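Reading the structure
Each chain is listed here by its residues.
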Amino acid sequence: MVTPEEMQARREAAARELDEAEARVLGLAVAGAAGAFELLGRIRRDRERLLGTGPAIRVQVLVPAGATPEEKRQAVVAAVAERLEELEEQDD
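Residues numbered from 1 in each chain as written. Predicted model: local features only at pLDDT ≥ 70, side-chain atom pairs only at ≥ 80, totals over all residues. Heavy atoms only, no water.

Things to note about the overall build of the chain
Going by this rule: The helix and strand labels rest on DSSP assignments: H or I over at least four residues marks a helix, E over at least two residues marks a strand, and numbering proceeds from the N terminus. With C-alpha atoms as the basis for the radius of gyration, the globule rule is written as 2.2 Å multiplied by the number of residues raised to the power 0.38. Under the scheme applied here, a residue whose accessible area is under 20% of the maximum for its type counts as buried, over 50% as exposed, and between as partly exposed, the area being computed with a 1.4 Å probe on protein chains only. Surface exposure here means Shrake-Rupley accessible area, sampled with a 1.4 Å probe, where a residue is shielded only by the protein chains that are shown. The positive count covers Lys and Arg only, the negative count covers Asp and Glu only, and His and the chain ends enter neither. Just so you know, the charge point we use is NZ for Lys, CZ for Arg, CG for Asp and CD for Glu.
Of regular secondary structure, the chain possesses two helices and zero strands. For a compact globule of 92 residues, the expected C-alpha radius of gyration is about 12 Å, and the chain comes in at 28 Å, more than 25% above that figure. In the chain, which comprises 92 residues, the share counted as buried stands at 4%. Accessible surface computed for the chain: about 8200 Å², of which carbon and sulfur atoms make up 59%. With 13 positive and 19 negative side-chain charges, the chain shows a spacing of 6 Å between the two charge centroids.

Shown next, in the form of structure tokens:
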């Protein structure tokens, strides 16, 4: 025969197991939702790149007077690369 203390101990053990199962399920749900949002963001960015409909990137480039066309081009490329890195960091 099971004593009332043993029955209470079994109930408490079962309740702990249910708590652990609940925590695992909630963890999976949160991870799944985060993964889904990340995937949606990637899909959106890929679509924008494919269609060319993404947001415009604005940069301001100052070049010294008398800079050659190649120096101007390099300054623009560097400014755009820096801005893209900033935008990628914001996405993360």
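Here we look at a negative patch on the surface
In plain terms, the rule: The patch calculation keeps residues exceeding 30% relative accessible area without a salt bridge and links them within 9 Å when they carry like charges or within 5 Å when they are nonpolar (Val, Leu, Ile, Met, Phe, Trp, Tyr). Any carboxyl oxygen of Asp or Glu within 4 Å of a side-chain nitrogen of Lys or Arg constitutes a salt bridge here.
A contiguous patch of negative charge on the surface is contributed by Glu17, Asp19, Glu20 and Glu22. If you trace the backbone, Glu20 turns up in helix 1 (residues 4–51). Judged by its relative accessible area of 48%, Glu20 is partly exposed.

Remarks on the environment of Val77
Among the secondary structure elements, Val77 is positioned in helix 2 (residues 69–91). Placed 12 residues apart in sequence, Val77 and Ala65 show a C-alpha to C-alpha distance of 18 Å.

As for helix 1
Worth spelling out the cut-off: Every helix has an expected span of 1.5 Å times one less than the residues it contains.
Counted at 1.5 Å a residue, the expected span for helix 1 with its 48 residues is 70 Å, and the 70 Å between its end C-alpha atoms agrees. The positive-phi residue at the C-terminal boundary of helix 1 is Gly52, with phi of around 70 degrees.

Comments concerning a nonpolar patch on the surface
A surface patch of nonpolar side chains, amounting to about 430 Å² of accessible area, comprises Phe37, Leu39, Leu40 and Ile43. Within the secondary structure layout, Ile43 lies in helix 1. Residue Ile43 is classed as partly exposed on the basis of its relative accessible area, which comes to 42%.

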